[in-house]
Structure formats: structure tokens, C-alpha cells
Amino acid sequence: MSDEPLLRVSNLTKYYGSRLGCADVSFELWPGEVLAIVGESGSGKTTLLNTLSANLEPTSGEALYRMRMGEWRNIYELSEAERRFLTRTDWGFVHQNPADGLRMTVSAGANVGERLMAVGDRHYGRIRDTALDWLGRVEIAADRIDDQPRSFSGGMRQRLQIARNLVTGPRLIFMDEPTGGLDVSVQARLLDLLRQLVGELGLSAIVVTHDLAVARLLSHRMMVMKDGHVIEAGLTDRVLDDPREPYTQLLVSSILQV
Amino acid sequence: MTALSVRNLAKTFTMHLRGGISLPVVENVTFDINPGECVVLGGPSGAGKSSILKMVYGNYGVDGGAVLIAHDGAQVDLASADPRTVLTLRRDAIGYVSQFLRTVPRVSALDVAAEPLVVRGIDKAEAQGRAGEMLSRLNLPERLWGLPPATFSGGEQQRVNIARGFITHHPVLLLDEPTASLDAANRAVVVDMIAQKKRCGVAMLGIFHDEDVRSAVADRIVDVTGFAPRVAA
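Residues numbered from 1 in each chain as written. Chains lettered and ligands numbered in written order. Predicted model: local features only at pLDDT ≥ 70, side-chain atom pairs only at ≥ 80, totals over all residues.

S.K.: Please set out the overall build of chain B residue by residue, giving values where relevant.
M.R.: Scanning chain B from terminus to terminus reveals seven helices and nine strands. Its C-alpha atoms give chain B a radius of gyration of 18 Å, within 12% of the compact-globule value 17 Å for 233 residues. Projecting the C-alpha coordinates of chain B onto the three principal axes gives extents of approximately 60 × 35 × 35 Å. Sorting the 233 residues of chain B into buried and exposed places 39% on the buried side. If you take every contact in chain B between residues at least 6 apart in sequence, the share linking residues at least 24 apart comes to 70%. (Helix = DSSP H or I, 4+ residues; strand = E, 2+ residues; numbered from the N terminus. Rg over C-alpha atoms; globule rule 2.2 N^0.38 Å. Buried ≥ 20, exposed ≤ 12 C-beta atoms within 10 Å, placed from the backbone. Contact = placed C-beta atoms within 7 Å.)

Here it is in C-alpha cells:
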């Protein structure tokens, strides 16, 4: 493990006009660490994710990111070009709905290759080989490379979105309900794949989910949000096995057993 | 230096969904374990044995006290450590064999058992080789190795879990009824594996309801009823 965090977030607050999105969130994320943000709809977890991933400007607070060269930068003070470079290479964002993260009318291969071209790769044969390799890693058959994701099932689309995000070797990946709209059997396959890839690549990840089983399986640490505030945080199995706050106890006790 | 030193641990559960009642579980839990020693927690069900084990591993928070674990020549307090330090201690210093296997969809029994080695950077083929040795020793038929354990019987799942827990060389190992659903032959294998860990200097803290296993492995019994909270007058 590295002895420096990757991300340092302090007092991050986001208001939409007078309505609170999230308030006063502080944490550090370390290389190789997966952090889950859980809470019910409207608790502010997606606002927090969108603010952390620089899709939204915070009302106050800062998020310092350790760039590849080692220098610390406040992500809200980057120039537009720098921010675009970060979001296209060093970061990934996996949306709940794959259509939000894919281009539905270009081929699967081009969806993966596009991120490589964005970082300057121009060699067609190499891009196609890399795309093929990534399709294989997310278990999409090679003969689907020229098909558009419109013709893919939901689970395949989600796996394609993951390949598209990971192809540039990002160090940090944001995920918004990555298994949200999928059947349970498809979910299981995706979870296993994510768990494996995150482990192999040593990625850091921030995963928003309302599914505590997903949090248990994927994350090392978790934050529980309610009404825009982080009400409980800690090691994932500590929070789930010994929840302290009334709301966390309610969440944990509401899980259906099978 | 003791391998594990538990000092004045206290735990009370506050049940917010039951009107905020508090359930005191234990207090003043204090004992030491030396390298190569197996200490068994004794006492009836509900006395707090599992809670103590979970506090020592960090699954339960504590209301007071310390869990000192020898790590890198120092004693680190797991009970007050930040999550990252707890994860480092779990990787390098303290292992846990839970009572039930938490299965992961699609991952084979062999890979479940090999995983603790793989995350420590050991080559996958070598890790699988050693996992295979553990599973054979525990008499898990080889035809099951490639299957995910979700559909295995309780005893088969427990053997995968034991293989996974014993495959690493953690200096401290926690055992939560590892023999509960095993037959006599496999219980004997586990007793043997515990004896081997002792010879390697591993300090163990366990819960064993089976009388025979307990007397075969325990160097000392710590009676948990001695840590019962005093009822406020």
C-alpha cells in the first residue's frame, strides 16, 4: 500500500439554491481502497458522487487529488482542459444506466477505442487489439466487436461500459449503482467481475449503492448518508455487523434474508 | 512479547429500534495469549463469546478497552485503529475463521480457499496448488473444487472456510466454532491443523462447543462469565 492517499476531501458541501444536496463531507481515499456510499434515495449520495467526480461544483469545501506526477491539486481549480484530461484518463465513471456512459450508435470496439484515442493513441490496429482484449476481460465475445451496444442486453452493456472506463488504466473509478437495473443472476456476474478487476488492477473506487450486499462484497469501507449528512462511517463489516446509528440499524435490519 | 493482549474490553449494544434499550454484553475483558498457545473462550450461549471474538477482529466496535496485537515489532491497538490500519492488521497479523462461509457468486471453492494468498501477491497457480493441498487434507472431493460453494452442504462449506482461514501464516488466528458441522474424521483433521499452527508459534483464540475438540486443542480456558457486566443497583 502506498503511504499517501489518492484523494483528500474536506468539508464538501453542495446546495441546490437553498436545498441541501450534501453537507460537510470529509474523508480520505487510499490507493486500492473501495469506499461504498450507502443511503436511501434523496440522502445525497449521488450528489456527493457527482461533486467528487467534478460533474458538479461544490458550494464550499475542497477535494484534493494526487496527480500521476505526485502533485496535489484541488479538482475544482483545474482548468477545463486539465479536468477533461483527468476524467478521460485517470478517472472512470460507471453510470447506473449504461446508455449514459456509452455511445449507443457506434460499435462496441469504438466505444472502448474512443477513450484510447482521447489520450492520443492513433494506431488503428493496436486500438482494435486493445479493445478486443478488454471485451474478453469483461466476457463479451470477440465477434460482437462491430455490433452497436443497442443490440446488447443490459448486462452486456454494463460490462461494455466498464471496459470503456478501464481501458485507459484509471487510478480512480466512480460507480453509481453499477448493478442497479440488472437481474440478480446478471448482477452476480457483474459483481464478481468488478471485484476481480478492482483487485487485479489495484484500483481505488467510490461506489454509490443502496444495496448493502453489494457494499459488503465490493467495499473495504463505507459511509452511510441521511438527509445530506454522513451519519456513520467505518470499516464495511463493522458498520454492517455493529451499526451504531438509529438509521443504520434500520437499514441493516431491513435486509431481506433468503 | 504476548501475541495478543486484550485489556478491559467493554461492549454494550444500544437497540435504537427497540426504544433505545441498552444491552450490556461484557466488561473488563482482559487476557493475554502467547505465541504457540490456544486459548478457548468458555461459558454458556449468550455469555458474550462471539462478541469478544468479533471485537478482537474489529467487526464489532468497543465501548472501552484495547486489543493489542504484535505487529512489526510494536503493539498496535486494533480497537482504536482507523479502518486502514485494521485492514493492514487483518492482512498481516490476525486471521479469522468464521462459522459460516460468505459465498461469492461464481467463485470456485478452490479460488475461495486460494484468495487470501492471491491478495498477498502470491502467484495464482501456486496459491491454487496450496489451496488444493488444504482441501485434500480436509477430504473435500476434488470434483467439487471447481464449483462455487453456494450449493455445498454445511460441512463442505465449512471445510472450504477452514482451508481459506488456515492457508495463510497469520501470527494470531481467531476460530469461531470451526468444527461445528464436521464429522469425526474431519474434526480430527482440524485438531491436527490447530496443533500444527501451535508448533509454528501461532497464537489462537477460539470458541469450541464440542467437548472433545476443546480438550484436545485448549491450553487454557478463559471463562467469559467472569466478564458479565455488573447490573447497576
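S.K.: Tell me about the nonpolar core, and name the residues and values.
M.R.: One finds I37(A), A113(B), L135(B) and A163(B) to be the most contacted residues of the largest nonpolar core, which totals 131 residues. With six residues, the single largest contributor to this core is helix 3 (residues 109-118) of chain B. Residue contacts for A113(B): discarding those within four places in its chain leaves A131(B), M134(B), L135(B), V160(B), A163(B), R164(B) and I167(B). (Core = buried A, V, L, I, M, F, W, Y, C linked by C-beta atoms within 7 Å.)

S.K.: Can you explain the sheet that holds strand 7 (residues 172-176) of chain B? Please cite residues and give values.
M.R.: All names here are of chain B. The five strands are arranged 6-7-8-3-9 in an open sheet whose pairing can be described as parallel. Single-partner strands in this sheet number two, and they are strand 6 (94-97) and strand 9 (220-223). Direction aside, neighbouring strands of the sheet carry axes that sit 20° apart on average. Sheet topology places strand 3 (residues 38-42) next to strand 9; four bridges connect them, and they run parallel. If you follow V39 over to strand 9, its bridge partner there is R220. (Pairing = 2+ DSSP bridges. Axes fitted to C-alpha atoms, helices over the stretch in contact; angles between N-to-C directions.)

S.K.: Break down the interface of chain B and chain A for me, with residues and values.
M.R.: Tallying the contact residues gives 16 residues for chain B and 20 residues for chain A. Counting residues per element, the side of chain B that touches chain A draws most heavily on helix 2 (residues 83-92) of chain B, at four residues.

S.K.: Help me get a handle on the sheet that holds strand 5 (residues 72-74) of chain A, residues and values and all.
M.R.: Residue and element names in this part refer to chain A. One open sheet holds the four strands; their spatial order is 2-1-4-5, and the pairing between them is antiparallel. Bordering the open sheet on either side are strand 2 (19-29) and strand 5, each of which pairs with just one other strand. Neighbouring strand axes in the sheet, compared pairwise and without regard to direction, differ in orientation by 25° on average. Here seven bridges tie strand 1 (residues 7-16) to strand 2, and the two strands are oriented antiparallel to one another. Bridge assignment links V9 to a residue of strand 2, and that residue is F27.

S.K.: Quick one: what's the story with the packing of helix 4 (residues 108-118) of chain A against helix 5 (residues 124-137) of chain A, residue by residue and with numbers?
M.R.: All names here are of chain A. Put simply, helix 4 and helix 5 touch, their axes get as near as 9 Å, and they point 120° apart. One element, helix 4, and the other, helix 5, form an angle in the oblique class. Seen along the crossing, helix 4 lies across helix 5 with a hand that is right-handed. In this structure, helix 4 contributes A108, G109, V112, G113, L116 and M117 to the contact, and helix 5 contributes I127, R128, T130, A131, W134 and L135. Tallied by class, the residues present in the contact of helix 4 with helix 5 amount to eight nonpolar, three polar and one charged. (Parallel < 35°, antiparallel > 145°, perpendicular 65-115°, else oblique. Left-handed = near helix turned anticlockwise from the far one by under 90°. Nonpolar A, V, L, I, M, F, W, Y, C, P; charged D, E, K, R; others polar.)

S.K.: Before we move on, could you go through helix 4 of chain A and cite the residues and values that matter?
M.R.: When we look at burial in helix 4 of chain A, the residues that qualify are A108(A), G109(A), N111(A), V112(A), G113(A), R115(A) and L116(A). Taken from the residues just after helix 4 of chain A, G120(A) is the one with a positive phi, measuring 105°.

S.K.: Got a sec to walk through unusual backbone geometry? Specific residues and values, please.
M.R.: A positive phi angle, near 45°, is found at E177(A), a position not held by glycine. With respect to the secondary-structure elements, E177(A) resides in the loop between strand 7 (172-176) and helix 7 (184-201). Although it is not a glycine, E177(B) adopts a positive phi angle of roughly 45°. Here E177(B) lies in the loop between strand 7 and helix 6 (184-199). Judged by the 20 C-beta atoms lying within 10 Å of it, E177(B) is buried.

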